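Examination of the molecular architecture
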Amino acid sequence: MLKDDILRETGNDLPITGGYGMYPEDAIIIRPCRNHDLYSVETAVLQYLFNKYCTSYRIISQELLDDGVCVYDRFFTGCDCREDTNAPLDLTYIYFDITDCM
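Residues numbered from 1 in each chain as written. Predicted model: local features only at pLDDT ≥ 70, side-chain atom pairs only at ≥ 80, totals over all residues. Heavy atoms only, no water.

1. Some points on the nonpolar core
The condition that has to hold: Take the buried residues of types Ala, Val, Leu, Ile, Met, Phe, Trp, Tyr and Cys, join any two whose side-chain atoms come within 4.5 Å, and each joined set is a nonpolar core. Note on exposure labels: buried denotes an accessible area under 20% of the residue type's maximum, exposed denotes more than 50%, and partly exposed covers the range between, all computed with a 1.4 Å probe on protein chains only. Numbering of helices and strands runs from the N terminus; a helix is a DSSP stretch of H or I covering at least four residues, while a strand is a stretch of E covering at least two. We call two residues contacting when some pair of their heavy atoms lies within 4.5 Å.
If you look at the biggest cluster of nonpolar residues, it comprises 22 residues, and the most contacted ones within it are Leu-2, Ile-16, Ile-30, Val-45 and Phe-96. Sorting the residues of this core by element identifies helix H1 (2-10), strand S2 (28-30), helix H2 (35-53), strand S4 (71-81) and strand S5 (91-97) as the ones contributing at least two each. If you tally residues by element for this core, the top one is H2, at 8 residues. Discounting residues that sit within four places of it in the chain, Phe-96 has contacts with Ala-27, Ile-28, Ile-30, Glu-42, Val-45, Leu-46, Val-71, Tyr-72, Asp-73 and Phe-75.

What follows is the structure in structure tokens.
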């Protein structure tokens, strides 16, 4: 689990559950959510993923998606992958389920 990986490798205990955020069904769920936590939690997760897999990265776009059940904060990202990883992050979307934050 992403939460366990972040805690083990950084000592940062983030209020997240779910998956690695590669698609909506595997979204990183921010819970419990307080409005002031949203940005800092998303930033900490993105920095962890990018520092682990990339030599450099960029956020290309961000948008809110509402499928009628869940609200997602979707980031389109670019990554120059590290040679020592099998990174799935060349150009990809990363989904956060922020339903509880709305």
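2. Description of the pattern of salt bridges
Note the following rule: Salt bridges are counted wherever a side-chain nitrogen of Lys or Arg sits within 4 Å of a carboxyl oxygen of Asp or Glu.
Taken as a whole, this structure holds 4 salt bridges when the rule is applied. Here Arg-31 makes a salt bridge to Asp-100, at a shortest N to O gap of 2.4 Å. In this pair, Arg-31 is assigned in the loop between S2 and H2 and Asp-100 in the segment after S5, connecting sequence segments 69 residues apart. The partly exposed category is assigned to Arg-31, whose relative accessible area is 39%. Notably, a salt bridge pairs Arg-74 with Glu-63, separated by 2.2 Å at the nearest N-O pair. Linking Arg-74 in strand S4 with Glu-63 in strand S3 (residues 54-66), this pair joins segments that are 11 residues apart in sequence. Among the residues examined, Arg-74 registers a relative accessible area of 15% and is labelled buried.

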